[in-house]
Amino acid sequence: MNLDFSPEDQAFRAEIRAWMQAHVPAPSGPSLGIPTHKETQLAWERCLGQKGWLAYQWPPEHGGPGWTATQRYIFDTERALAGAPGSSPFGLMMLGPVLMAYGTPEQKARYLPKIAAGEEFWCQGYSEPGSGSDLASLKTQALRDGNHYVINGQKIWTTQAHWADFMFCLVRTNSEVPKQQGISFVLIDMKSPGIEIRPITTIDGHHHLNEVFLTEVRVPVENLVGQEGQGWTIAKYLLSHERTGLAGVADSHRELQLLQAAVDSETALATNPLVRRRIAELGVDLMALEYTNLRTLDRAAKGQSPGAESSGLKIKGTELQQAISEAQVEFGGLAALPWLAPVGNGDPTFQGATQRYNFLRASTIYGGSNEIQKNVLAKMIGLG
Ligand SMILES: Cc1cc2nc3c(=O)[nH]c(=O)nc-3n(C[C@H](O)[C@H](O)[C@H](O)COP(=O)(O)OP(=O)(O)OC[C@H]3O[C@@H](n4cnc5c(N)ncnc54)[C@H](O)[C@@H]3O)c2cc1C
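What counts as what
- Residues numbered from 1 in each chain as written.
- Predicted model: local features only at pLDDT ≥ 70, side-chain atom pairs only at ≥ 80, totals over all residues.
- Heavy atoms only, no water.
- Helix = DSSP H or I, 4+ residues; strand = E, 2+ residues; numbered from the N terminus.
- Rg over C-alpha atoms; globule rule 2.2 N^0.38 Å.
- Buried < 20%, exposed > 50% of the residue type's maximum accessible area, 1.4 Å probe, protein only.
- Contact = heavy atoms within 4.5 Å.
- Areas by Shrake-Rupley, 256 points an atom, 1.4 Å probe, with all protein chains shown as cover.
- Lys, Arg positive; Asp, Glu negative; His and termini not counted.
- Charge placed at Lys NZ, Arg CZ, Asp CG, Glu CD.
- Near = heavy atom within 4 Å.
- Polar contact = N/O pair within 3.5 Å; in protein donor to acceptor, adjacent residues only side chain to side chain.
- Nonpolar A, V, L, I, M, F, W, Y, C, P; charged D, E, K, R; others polar.
- Axes fitted to C-alpha atoms, helices over the stretch in contact; angles between N-to-C directions.
- Left-handed = near helix turned anticlockwise from the far one by under 90°.
- Salt bridge = Lys/Arg side-chain N within 4 Å of Asp/Glu carboxyl O.
- Domains from an automatic or database assignment.
- Buried area = accessible area lost by both parts, 1.4 Å probe.

## Brief notes about the overall build of the protein
Here's step 1: Across its full length, the protein carries 12 helices and eight strands.
Here's step 2: Relative to a compact globule of 384 residues, whose C-alpha radius of gyration would be 21 Å, the protein shows 21 Å and is just as compact.
Here's step 3: In terms of overall dimensions, the protein has a C-alpha envelope of 70 × 45 × 45 Å along the principal axes.
Here's step 4: Here the protein, with 384 residues, has 47% of them falling under the buried criterion.
Here's step 5: Excluding contacts between residues fewer than 6 apart, the proportion of contacts in the protein whose partners are at least 24 apart in sequence is 73%.
Here's step 6: Only carbon and sulfur atoms are counted for the fraction: they give 54% of the accessible area of the protein, which is about 17700 Å².
Here's step 7: Distance between charge centres in the protein, computed from 33 positive and 39 negative side chains, equals 3 Å.

Put into structure tokens, the structure is as follows:
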């Protein structure tokens, strides 16, 4: 999309582009959509952290660079177009805003600087077997014992738990009240005795998901965020931030560019009107999504919460990610098959397309399934 940037923003874009060119290793082919190599990912996040650009969405008083909404948009676009990975959202996009809004001064001082520097990695302990869409039914129990909570239960689908230093977690502190009122939000050190992590390998062939078992895990009471029983309110606040981030506009731009380049390099594809029409349709959908995203960013810049609009972004953003990946696999043909990737029609830009396609089946499920997002929107306009 050609936005009319001011001379200052154009200079800012040139600075970011030059820095990315100097720091991002040359990428190839479609990206999986989630990091799979811990050291590479953490090194990249620390590199951004040292530059002061990791927590680029945060206000300056908490370690952000103080960019405008336009500058943040430019940064994310340039990051994606350079083929650099997105940063892990758990500390930056989810816990960070929660601590700024609900954390004690001690919690802010202890955790925010380490997240902004890329020195501590977080995971999200919400879902449980039987408590995904119906999250408020969660059963993991936290009983008060002096200055600690003693936690027993199981979390599932915990992304990168095996990488994480800490997990922010929803636990049940009261079973006697309506289910939403008995939930609390706690911070758990993943090195605590009683935590067992078991891997789940997914259809893309990688290990990024886990089961996390908690047995008699002792968590200091100062790790409670907000009040006891306030966890559901905090969880909803966090989810609206999570969903806005899931639209993935900048990365869809890069993937569409890769698709266009791959098509252009194959005469049979480049001259096929149905292929060109499909790419044009994807481009139009991306432009519409981008305008909606920009409106939400503008509201966030004015200090307004993303609210239920983030559900619309999540639905359209993830549907578009899947549509682009479907086209990558279809147009790639043999070249998109994982075991034929280096040969096939010889075009490296289709490499990895099938793994990406497989991973992205999950995008309409994680962060709250798209059916649930539609329920949220229906309630908002009075249909629910
Ligand atoms: C790749 C991946 C990463 C994830 N990472 C994390 C993580 O880091 N931390 C974490 O806590 N969780 C994580 N999750 C879990 C995710 O949030 C849940 O999978 C999701 O909320 C759906 O819950 P569920 O799997 O229990 O499915 P269910 O809730 O059992 O839903 C099954 C189906 O029924 C539909 N459905 C359910 N209820 C309704 C309803 N009321 N109306 C209409 N349709 C409905 C759903 O849309 C879905 O299609 C991850 C999931 C995936 C796939």
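## Observations regarding the site of the ligand
Here's step 1: Taken together, 18 residues are adjacent to the ligand, and S127, S133, W157, S369 and E371 come closest.
Here's step 2: Measuring from an oxygen atom of the ligand, one finds a backbone N or O atom of Y126 at 3.0 Å.
Here's step 3: Here an oxygen atom of the ligand sits 2.6 Å away from a polar atom, N or O, in the side chain of S133.
Here's step 4: Bound to the protein, the ligand loses 65% of the 980 Å² it would expose on its own.
Here's step 5: Ranked by residue count, the leading element in the shell around the ligand is helix α12 (residues 370–380), at three residues.
Here's step 6: Grouping the constituent residues of the shell around the ligand by class yields eight nonpolar, nine polar and one charged.

## A few points about the packing of helix α10 (residues 309–332) against α12
Here's step 1: Across the interface, α10 lies against α12 with an axial gap of 9 Å and an inter-helix angle of 145°. In this structure, α10 meets α12 at a crossing whose hand is left-handed. Along the contact surface, α10 presents S311, G312, K314, I315, T318 and E319, while α12 presents N370, Q373, K374, V376 and L377.
Here's step 2: Split by residue class, the contact of α10 with α12 holds three nonpolar, five polar and three charged.

## Quick notes on the pattern of salt bridges
Here's step 1: In the structure shown here, the tally under the stated rule is 17 salt bridges.
Here's step 2: The shortest N-O distance in the salt bridge between K191 and D189 comes to 3.5 Å.
Here's step 3: Residue E326 is joined to R361 by a salt bridge in which the shortest nitrogen-to-oxygen separation is 3.7 Å. Taken together, the residues E326 in helix α10 and R361 in the loop between α11 (353–360) and α12 connect sequence positions 35 residues apart.
Here's step 4: With relative accessibility at 27%, the residue R361 sits in the partly exposed group.
Here's step 5: Where salt bridges share partners, they join D76, R79 and D251 into one cluster.

## A word on the domain arrangement of the protein
When the parts come together, some accessible area is lost, and that loss is often what is quoted as the size of the interface.
Here's step 1: Once the domains are mapped, the protein shows domain 1 (7–117), domain 2 (122–229) and domain 3 (236–380).
Here's step 2: A straight line from the C-alpha centre of domain 1 to that of domain 3 covers 20 Å.
Here's step 3: Domain 1 puts 24 residues into the contact, and the matching count from domain 3 is 25 residues.
Here's step 4: Where domain 1 abuts domain 3, roughly 2000 Å² becomes buried across the two surfaces, and 66% of that area is made up of carbon and sulfur atoms.
Here's step 5: Our count for the contact surface shared by domain 1 and domain 3 stands at one salt bridge.
Here's step 6: Here domain 1 and domain 3 share two residue pairs in polar contact (both at pLDDT 80 or more) between them.
Here's step 7: Elements with a minimum of two residues in the side of domain 1 that touches domain 3: α3 (69–81) and α4 (89–102).

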